[in-house]
Amino acid sequence: MGYMCWSSEIAYSGGMARFAADVPTRGGFSFDLCQRNEMLLKKGNQLPTFRKTGTTIVGLVFEDGVILGADTRATEGPIVADKNCEKIHYMAPNIYCCGAGTAADTEAVTDMVSSQLQLHRYATGRESRVVTALTLLKSHLFSYQGHVSAALVLGGVDITGPHLHTVYPHGSTDTLPFATMGSGSLAAMAIFESKFREGLTRDEGIKLVSEAICSGIFNDLGSGSNVDVCVITRGQTEYLRNHQLPNPRTYVSSRGYNFLKGHTGKTGEPYIPPNPRR
Amino acid sequence: MSIFEYNGSAVVAMVGKNCFAIASDRRLGVNLQTIATDFQRIFKIHDKLYIGLSGLATDVQTLYQRLVFRHKLYQLREERDMKPQTFASLVSAVLYEKRFGPYLCMPVIAGLGEDDVPFICTMDCIGAKELAKDFVVSGTASESLYGACESMYKPNMVTYYFEALGLTHGKTMEQGANCIGVQKENQYKLLEEPEELFETISQALLSSVDRDCLSGWGGHVLLVTPTEVQERTLKSRMD
């Protein structure tokens, strides 16, 4: 079994200490608990759902560079887990990446590639190129055959000009003048297909991106809350967090709840922790 | 039935004014049978950092032991405590490492960072962080907890009467009491004045677990301010 081979491989390489203590690992994934989780599944328990980003993410190329946009809702099944999360991730000062799919995967993959780009910048002494980020992302995602479920819109401006790419969970990529991903991608693409043209100005571009995201927010149930926009041009990046707030919380009662003293009954006994040896 | 519903749990953390509160239920069950009513889900990492873990109880305990181990190593190397943001990144990395065979628990991390600014955060079982400014919830009762906290939460709730008067939180209880001219005998009475944060988090927790069969059987609330930590047990329906 794959699990057994892995553990004996580690024992052979002198890593027996790894099982005695949880020392920081060499990196990468660990499959220790897979056998146990399989057993739980067979007994009729369902494994949990992971937090997804539902999402509408978009990008477009305008006359001076690239504009990326995203909504801010994170869902856990049908419940909204985070009303104002950040889906536009930093990769390099001139490269940003929007992520859709499983939230942990998009965060981990973008953080990892961002660190690799930083190391590469130190080694080469040059500004990072968008195709470098693209190749690092696609080779990582392909090697996990789509199990790392991250769908990304990668955009940036480097010495060769502005670039916009989409990356799919299985590792395929596209290079496009405008792109949308996520559950709200059809709603956003409808706006882009009717209103996009080459050579938009900065303000027109921001307006179009906001409109596309709003279309996703209002028409797609997996997307919602606010609009985040990121404008990348040669030499300058502007991250407009919560550029638009089309869903303010207006129904809050100003009085709120006021609980009187002693409202909540206490047992009054001192708390004794169940494991005094700790 | 989902694996999270095997043991049952409810954990919630709320931010107040220069303080935070973290609360959990106390039931440990095996499917529908209750086997313990004093199960600890909130653990101390250091004086100003607590972690609440919901989900499969065995993973709760294993994960807690692993994290305390990593924190102790950090303390030995760095000769100081971990900041809450750093600890949250550590927990996220430990969970994501097991991406394809995850620990079946969802942590709630609450701590006081630099300048005693409260920090709370929750994650799903593979480490996707959610940083919130108001409250975070996790466990089988999470859907009810979302609703209860959303309606009951107010910003800047306080824990002590003299904090409500706007006195600096750096004072001890005695100093604070002297400031408002209270006799020494009455100092301890001061602590029983309205404590908004405690009341709010307790009401949110109890009303949510009342609507969940798998959690409840009492509550355990920790209020953490820069000067002290209060642990209290809640009386609730025992069904």
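Residues numbered from 1 in each chain as written. Chains lettered and ligands numbered in written order. Predicted model: local features only at pLDDT ≥ 70, side-chain atom pairs only at ≥ 80, totals over all residues. Heavy atoms only, no water.

As recorded in an unreviewed UniProt entry, chain B goes by Proteasome subunit beta and comes from Musa troglodytarum.

Looking at an unreviewed UniProt entry, one finds chain A named Proteasome subunit beta, with Musa troglodytarum as its source organism. The record in UniProt for chain A states the following under Catalytic activity (unreviewed entry): "Cleavage of peptide bonds with very broad specificity." (UniProt positions renumbered as here; feature names shortened; annotations may be inferred.)

**Brief notes about the confidence of the model for chain A**
It should be kept in mind that the predicted coordinates are not to be read in detail where pLDDT is low. Residues and elements named next belong to chain A. Of the residues in chain A, 83% have a pLDDT of 70 or more, and the chain-wide mean is 85. When the elements of chain A are averaged for pLDDT, helix H1 (residues 2-12) gives the smallest value, 38, and helix H5 (residues 130-143) the largest, 97. Across residues 1-18, confidence stays below pLDDT 50; counting only partners more than four residues off in sequence or on other chains, it has 14 contacts. (pLDDT = per-residue confidence, 0-100. Helix = DSSP H or I, 4+ residues; strand = E, 2+ residues; numbered from the N terminus. Contact = heavy atoms within 4.5 Å.)

**Structural notes on the interface of chain A and chain B**
The interface is formed by 55 residues belonging to chain A together with 57 residues belonging to chain B. Counting the surface lost from both chain A and chain B, the interface buries some 5,100 Å², and carbon and sulfur atoms represent 55% of this. Taken together, chain A and chain B are joined by four salt bridges. For Arg99(B), the salt bridge identified is with Asp105(A), shortest N-O distance 2.5 Å. Scanning the region where chain A abuts chain B turns up ten residue pairs in polar contact (both at pLDDT 80 or more). With five residues, helix H4 (residues 103-124) of chain A is the largest single contributor of residues to the side of chain A that touches chain B. (Buried area = accessible area lost by both parts, 1.4 Å probe. Salt bridge = Lys/Arg side-chain N within 4 Å of Asp/Glu carboxyl O. Polar contact = N/O pair within 3.5 Å; in protein donor to acceptor, adjacent residues only side chain to side chain.)

**Quick word on the packing of aromatic side chains**
Per the stated rule, a full pass over the model turns up eleven aromatic pairs over all chains. An angle of 15° between the planes, with centres 4.1 Å apart, marks the rings of Phe43(B) and Tyr64(B) as stacked. Linking Phe43(B) in strand E5 (residues 42-46) with Tyr64(B) in helix H1 (residues 57-78), this pair joins segments that are 21 residues apart in sequence. For the pair Phe43(B) and Tyr64(B), a shared accessibility class is recorded, and that class is buried. Joined through ring pairs, the aromatic side chains of Phe29(A), Phe31(A), Tyr144(A), Tyr96(B) and Phe100(B) make up one cluster. Arg232(B) extends its terminal NZ or CZ atom over the ring of Phe198(B), reaching a point 4.3 Å from the ring centre. (Phe/Tyr/Trp six-rings, centres within 6.5 Å; stacked < 30°, edge-to-face > 60°. Buried < 20%, exposed > 50% of the residue type's maximum accessible area, 1.4 Å probe, protein only. Lys NZ or Arg CZ within 6 Å of the ring centre and 35° of its normal.)

**A closer look at the pattern of salt bridges**
Two side chains that carry opposite charge are able to pair once their charged atoms sit near each other. In total, this model carries 18 salt bridges over all chains according to the counting rule given. A salt bridge links Asp239(B) to Arg237(B); its shortest N-O distance comes to 2.7 Å. Like Asp239(B), the residue Arg237(B) is exposed in the burial classification. Each of Glu86(A), Asp228(A) and Arg241(A) takes part in salt bridges that share partners, so that together they form one network.

**Let's talk about H1(B)**
Because an α-helix packs 3.6 residues into every turn, residues spaced three or four apart end up facing the same way. A rise of 1.5 Å per residue sets the reference length of H1(B), with its 22 residues, at 32 Å; its end C-alpha atoms lie 31 Å apart and thus fit the reference within 8%. Turning to H1(B), its buried residues are Ala57(B), Asp59(B), Val60(B), Leu63(B), Tyr64(B), Leu67(B), Val68(B), Arg70(B), His71(B) and Tyr74(B). Summarising the axial view, the buried residues of H1(B) lie within an arc of 165°, below the 170-degree limit, and thus occupy one face. Of the residues in H1(B), the exposed ones pointing more than 90 degrees away from the buried face are Lys72(B), Leu76(B) and Arg77(B). Contacts made by the buried residues of H1(B) are with helix H3 (34-42) of chain A together with strand E3 (28-30), E5, strand E6 (49-55), helix H2 (84-97) and strand E7 (105-112) of chain B. (Expected span 1.5 Å × (residues − 1). Arc of directions from axis to C-beta.)

**Focus: the confidence of the model for chain B**
Residues and elements named next belong to chain B. For chain B, the mean per-residue pLDDT works out to 86, and 85% of the residues sit at or above 70. This stretch, residues 161-170, has a pLDDT under 50; its non-local contacts, to residues over four places away or in other chains, come to 23 contacts. Across residues 182-194, where pLDDT falls below 50, the model places 18 contacts with residues more than four positions away in sequence or in other chains. Complex prediction metrics read pTM 0.81 and ipTM 0.76.

**Side note on the nonpolar core**
All names here are of chain B. Membership of the largest hydrophobic core comes to 43 residues, with the highest contact counts inside it found for Val12, Met14, Ile22 and Leu205. Among the elements of the structure, strand E1 (10-15), strand E2 (20-25), E7, strand E10 (135-139), helix H3 (142-152), helix H7 (196-209) and strand E11 (219-224) are those that each provide at least two residues to this core. The element best represented in this core is H7, accounting for seven residues. Discounting residues that sit within four places of it in the chain, Leu205 has contacts with Ala10, Val12, Ala23, Ser24, Asp25, Leu145, Gly219 and Leu234. Counting 25 residues, the second-largest nonpolar core is a separate cluster that includes Tyr64, Ile109, Phe119 and Cys121. (Core = buried A, V, L, I, M, F, W, Y, C linked by side-chain atoms within 4.5 Å.)

**Describing the sheet that holds E11(B)**
Residue and element names in this part refer to chain B. Read from one edge to the other, the open sheet built from five strands follows the order E10-E1-E2-E11-E12, with strand pairing classed as antiparallel. Sheet topology places E10 and strand E12 (229-234) at the edges, where each strand pairs with a single neighbour. The mean inter-strand angle of the sheet, taken between neighbouring strand axes irrespective of direction, is 10°. Here E1 runs beside E10; their pairing, made up of five bridges, is antiparallel. Residue Ala13 lies in a different strand from E10, and its bridge partner there is Val136. Docked against the sheet, H3 engages E1 and E10, running at close to 160° with respect to E10. Sheet strands touched by H7: E1, E2, E11 and E12. Its angle to E1, the strand with the most contacts, is close to 155°. (Pairing = 2+ DSSP bridges. Axes fitted to C-alpha atoms, helices over the stretch in contact; angles between N-to-C directions.)

**Remarks on the pairing of strand E7 (residues 150-158) of chain A**
Residues and elements named next belong to chain A. With nine of nine residues buried, E7 is to be regarded as a mostly interior element. In terms of strand pairing, strand E6 (residues 95-101) meets E7 through seven bridges, oriented antiparallel. Residue pairing across strands places Ala100 opposite Ala151, the latter belonging to E7. Bridge count for E7 against strand E8 (residues 161-167) is seven bridges, and the pairing is antiparallel. Along E8, the bridge assignment pairs Gly156 with His163. The loop that links E7 with its antiparallel partner E8 comprises two residues.

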